[in-house]
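# Structural characterization, general
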Amino acid sequence: MSGLNRVRPLRLVWFVTWFNVRMLLTSEFFILTTFITPLIFATLAFLLFRSGGGTAGQTLLYVALGSGMMGVWSTTLFGCGGAIAWQRWEGTLELLVNAPSRYDFILAGQTLGTVVLGFYGIVATLAWGVVLFGMPIEASFPLMLPFSLLAAVISLGALGMLIATTFVLYRHANALGNMLEYPIWLIAGLLVPISALPFWVRPLSWLVVPTWGIEAIRGAAIGARPPFGPIAMCLLLAVVYYLLARLMLVVVLAKARRDATLTLQ
Amino acid sequence: MSASAHRPAVPAADPVFAIEADDLVRSYETHTGVLRRHRLHVGAVKGITFGIRSGELFGLLGPNGAGKTTTIKMLITLLLPTSGTARVMGYDVVRETQAVRERIGYVFGGDRGLYDRVSALDNLRYFAELYGVDPAFQQRRIAELLELVGLNGREREKVEGYSRGMRQRLHIARGLLHDPQVLFLDEPSIGLDPVGARELRQTVRSLVESGKTVLLTTHYMFEADALCDRIAVINAGRIVAEGTGADLKATVANRTIVEIETFGATPDAIERLRADPEVIAVNSDQREQSEIFLVQSETGAQITSRLLAALGDTRIGKVIAREPTLEDAYVDLIATTGEPDERSARAASVQ
Ligand SMILES: Nc1ncnc2c1ncn2[C@@H]1O[C@H](COP(=O)(O)OP(=O)(O)O)[C@@H](O)[C@H]1O
Ligand SMILES: [Mg+2]
């Protein structure tokens, strides 16, 4: 039987995405990170916001979306980077890298699975806000919202993939992953508006994709104008990150073959 | 992505050897120390050459650390050789990775490399996809393989509940999904109970009967002898003997083995035995209470009294003189070809 095919990338990516979602859902730690942490973030944010005297529905929504996105970012870091560390430990990383299928498709599928699950965090945060804090649900541009979400998912996925490539290379990339968690919350304006940050941080904010992801979503939910700009930036950065990730992979996989970094040994 | 760019210009037509290695060398670089970093070169494989014909079951036999896994990893494109070349089905393992990967299956010993929290069926479906098995054939192929490795009926159970032997058989099924022509089995029977190991050997045999080329590594002489058409003994990164089990046995055929059980033997006892001019080799087997010396000579059983005399007042237990076995041939080879650890000698301080 010669069933080998390299012409079904979409099927492959879809299959890996689905498998990865199932695998992630068997991990207690992942479930905790993805399903519980956003609720804790949201609760803290709502309480802080209240004690500051705020009540306006739109501002509440602004806060809720930000803390939801914080959860998505944590999930992305854990699911993309951590999953590679896990596979190395489990002994499956070598099998995946050495399979006849293109590894960048496999990685893309894994990343997509993670990020899609992560976006559940936003939904959960909104529901939490409605139920516990009486947050009104309204959207300035309801028709734009799905596009904003999609752009954010795609762009975070591309970034997740780029992060994952460093985990393929370094056995101890965990430290890097942890280091990236909180700064991005700040830089991307998830915790406080970017306008509240020092001026020199802005260029950094523009380079990281969660900034535009949250801009796009907030824009559709509570913005004054449709968020075409942020959506375009999400897609543009996604392409840049994806190309960078592929470039990195070529380097990383060559180095892994030379330095034997795919196993624990 | 890089791999598919290296499609061979001319597909190798019917190569004589399914697997050929030509002076393969591989060393690892490791670091020790925290403040003063020392870079160590570990020579794992030091120039090995062999050819395996299509349909052959070839055994790479050697003790732990001999370089078996490293050799396999170079052949399956996971590791780059430091120098030397190798081909699988005529394709170069360094440059034509895609073509090689499509044609090989491999199984590492031990129980890692599976997704424990889902079923065997899920594992196989996942890898079938990654190995590019045509979706139209996947179901039939998976059913065939479950049958072949004897896991049919258990495929819906989670892998975490599987025994060692079942996991190993699942690994083999995984390695065969895309119907590869060449199969690499790295210590497949490690950690299996005797029944599991026997069943596994049965499976391997049936694979060879169905026309596959198999390279199997093991550190059990009897396993290599029972299974393999040809055996290469590898020690400290070099092939030190090659041939059929009978060929290897012939190297010690005219020897006699005297087994002497001793209690509380002093460290110099073995040296005193070796001092006898007619003794060819002495190996020691440390037991819980006793130490057994295995003395090889061509003198026959009559050397026994001299050996006992050499041991002086050491307490002696059972003494047996017997014909050599394959195991003796192997032990002798390993004992006489090993070399001192090279790591410290080659350590380079790089700070
Ligand atoms: N990733 C690695 N880094 C450093 N040394 C290694 C690595 N893998 C194997 N070695 C060393 O190379 C030698 C050969 O190992 P290996 O090929 O695993 O032998 P075998 O499979 O025959 O037991 C051993 O000394 C081992 O310690
Ligand atoms: Mg080994």
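Scoring rules and cut-offs
Residues numbered from 1 in each chain as written. Chains lettered and ligands numbered in written order. Predicted model: local features only at pLDDT ≥ 70, side-chain atom pairs only at ≥ 80, totals over all residues. Heavy atoms only, no water. Helix = DSSP H or I, 4+ residues; strand = E, 2+ residues; numbered from the N terminus. Rg over C-alpha atoms; globule rule 2.2 N^0.38 Å. Buried < 20%, exposed > 50% of the residue type's maximum accessible area, 1.4 Å probe, protein only. Contact = heavy atoms within 4.5 Å. Lys, Arg positive; Asp, Glu negative; His and termini not counted. Charge placed at Lys NZ, Arg CZ, Asp CG, Glu CD. Salt bridge = Lys/Arg side-chain N within 4 Å of Asp/Glu carboxyl O. Polar contact = N/O pair within 3.5 Å; in protein donor to acceptor, adjacent residues only side chain to side chain. Pairing = 2+ DSSP bridges. Axes fitted to C-alpha atoms, helices over the stretch in contact; angles between N-to-C directions. Disulfide = S-S within 2.5 Å. pLDDT = per-residue confidence, 0-100. Phe/Tyr/Trp six-rings, centres within 6.5 Å; stacked < 30°, edge-to-face > 60°. Near = heavy atom within 4 Å. Areas by Shrake-Rupley, 256 points an atom, 1.4 Å probe, with all protein chains shown as cover. Nonpolar A, V, L, I, M, F, W, Y, C, P; charged D, E, K, R; others polar.

### Overview of the overall build of chain A
Summing up its helical and strand segments, chain A has 11 helices and 0 strands in all. The order of helices and strands in chain A, counted from the N terminus, is α-α-α-α-α-α-α-α-α-α-α. The globule rule puts the C-alpha radius of gyration for 265 residues at 18 Å, and the 19 Å found for chain A is close to it. Overall size of chain A, expressed as C-alpha extent along the three principal axes, is 65 × 40 × 35 Å. Classification of the 265 residues of chain A by burial places 55% in the buried group. Pairs at least 24 residues apart make up 79% of the contacts formed inside chain A by residues separated by at least 6 positions. Each charge class in chain A was averaged separately, 15 positive and 8 negative side chains, and the resulting centres sit 8 Å apart.

### Points about the interface of chain A and chain B
Each side of the interface is counted separately: chain A has 44 residues, and chain B has 42 residues. Put simply, chain A and chain B have 4 salt bridges between them. Measuring nitrogen to oxygen at the nearest pair gives 2.9 Å for the salt bridge that ties A:Glu94 to B:Lys73. For the interface between chain A and chain B, the tally reads 19 residue pairs in polar contact (both at pLDDT 80 or more). When contributions to the side of chain A that touches chain B are tallied by element, the ones reaching two or more residues are α1 (9-24), α3 (57-90), α4 (93-97), α5 (103-118) and α11 (228-259) of chain A.

### Some thoughts on the sheet that holds strand β14 (residues 315-322) of chain B
Residue and element names in this part refer to chain B. One open sheet holds the 4 strands; their spatial order is β12-β13-β11-β14, and the pairing between them is antiparallel. Edge strands, defined here as strands with exactly one partner in the open sheet, are β12 (279-286) and β14. For this sheet, the mean angle separating the axes of adjacent strands, direction not counted, is 20 degrees. The sheet contact formed by strand β11 (residues 256-263) and strand β13 (residues 291-297) spans 7 bridges and is antiparallel. Paired with Val258 across the two strands is Val295, which belongs to β13. The sheet contacts of helix α12 (residues 326-337) involve β11, β12, β13 and β14, and relative to β12 the element is tilted by about 100 degrees.

### Overview of the state of the cysteines
Residue and element names in this part refer to chain A. Under the definition given, this model contains 0 disulfides over all chains. In this structure Cys80 is a free cysteine whose sulfur lies 16 Å from that of Cys234, the closest cysteine sulfur available. Classification of Cys80 by relative accessible area gives buried; the value is 4%.

### Thoughts on the confidence of the model for chain B
Residues and elements named next belong to chain B. Summary statistics for chain B give a mean pLDDT of 88 and a share of 91% for residues scoring 70 or more. Scored below 50 in pLDDT, residues 1-9 shows 18 contacts in the model against residues more than four places distant or in partner chains. Ignoring residues within four places in sequence, the model shows residues 340-351, a span with pLDDT below 50, making 17 contacts including any to other chains. Interface confidence for the predicted complex, expressed as ipTM, amounts to 0.87; the pTM equals 0.85.

### Side note on the packing of aromatic side chains
Scanning the entire structure with this criterion turns up 17 aromatic pairs over all chains. Seen in terms of ring centroids, A:Phe19 and B:Tyr115 are 5.1 Å apart; in terms of plane orientation they differ by 80 degrees. Their pairing is edge-to-face. Of this pair, A:Phe19 sits in helix α1 while B:Tyr115 sits in the loop between β6 (104-108) and α4 (120-130), each in a different chain. Judged by relative accessible area, which is 3%, A:Phe19 ranks as buried. Consider the rings of A:Phe41 and A:Trp185, whose centres lie 4.9 Å apart with planes at 75 degrees: the pair is edge-to-face. Of this pair, A:Phe41 sits in helix α2 (residues 28-51) while A:Trp185 is found in helix α8 (residues 174-187), placing the two residues 144 residues apart along the sequence. For the pair shown, A:Phe41 and A:Trp185 are each scored as buried. An aromatic cluster is defined as three or more aromatic residues linked by ring pairs; in this entry it consists of A:Phe19, B:Tyr115, B:Tyr126, B:Phe127 and B:Tyr131.

### Quick word on the site of ligand 1
Around ligand 1 there are 13 residues in total, and B:Gly65, B:Gly67, B:Lys68, B:Thr69 and B:Thr70 lie nearest to it. Those chains with residues close to ligand 1 are chains A and B. At 2.9 Å from an oxygen atom of ligand 1 is found a main-chain nitrogen or oxygen belonging to B:Gly67. Within the side chain of B:Thr69, a nitrogen or oxygen atom sits 2.7 Å from an oxygen atom of ligand 1. Protein contact buries 81% of the 560 Å² of open area that ligand 1 shows by itself. Looking at the shell around ligand 1 residue by residue, the class counts come to 4 nonpolar, 7 polar and 2 charged.

### Overview of the environment of B:Gly312
Residues and elements named next belong to chain B. Within the fold, Gly312 resides in the loop between α11 (304-310) and β14. Of the residues examined, Gly312 reaches a relative accessible area of 45% and is grouped as partly exposed. Separated by 43 residues in sequence, Gly312 and Ala269 place their C-alpha atoms 8.9 Å apart.

### Points about the environment of A:Asn20
All names here are of chain A. As for its placement among the helices and strands, Asn20 is situated in helix α1. Every residue in contact with Asn20, bar those within four places of it in the chain, is listed here: Gln110 and Thr114. Polar contacts involving the side chain of Asn20 include one to the main-chain carbonyl oxygen of Gln110, which spans 2.7 Å. At 3.4 Å, the side chain of Asn20 forms a polar contact with the side chain of Thr114.

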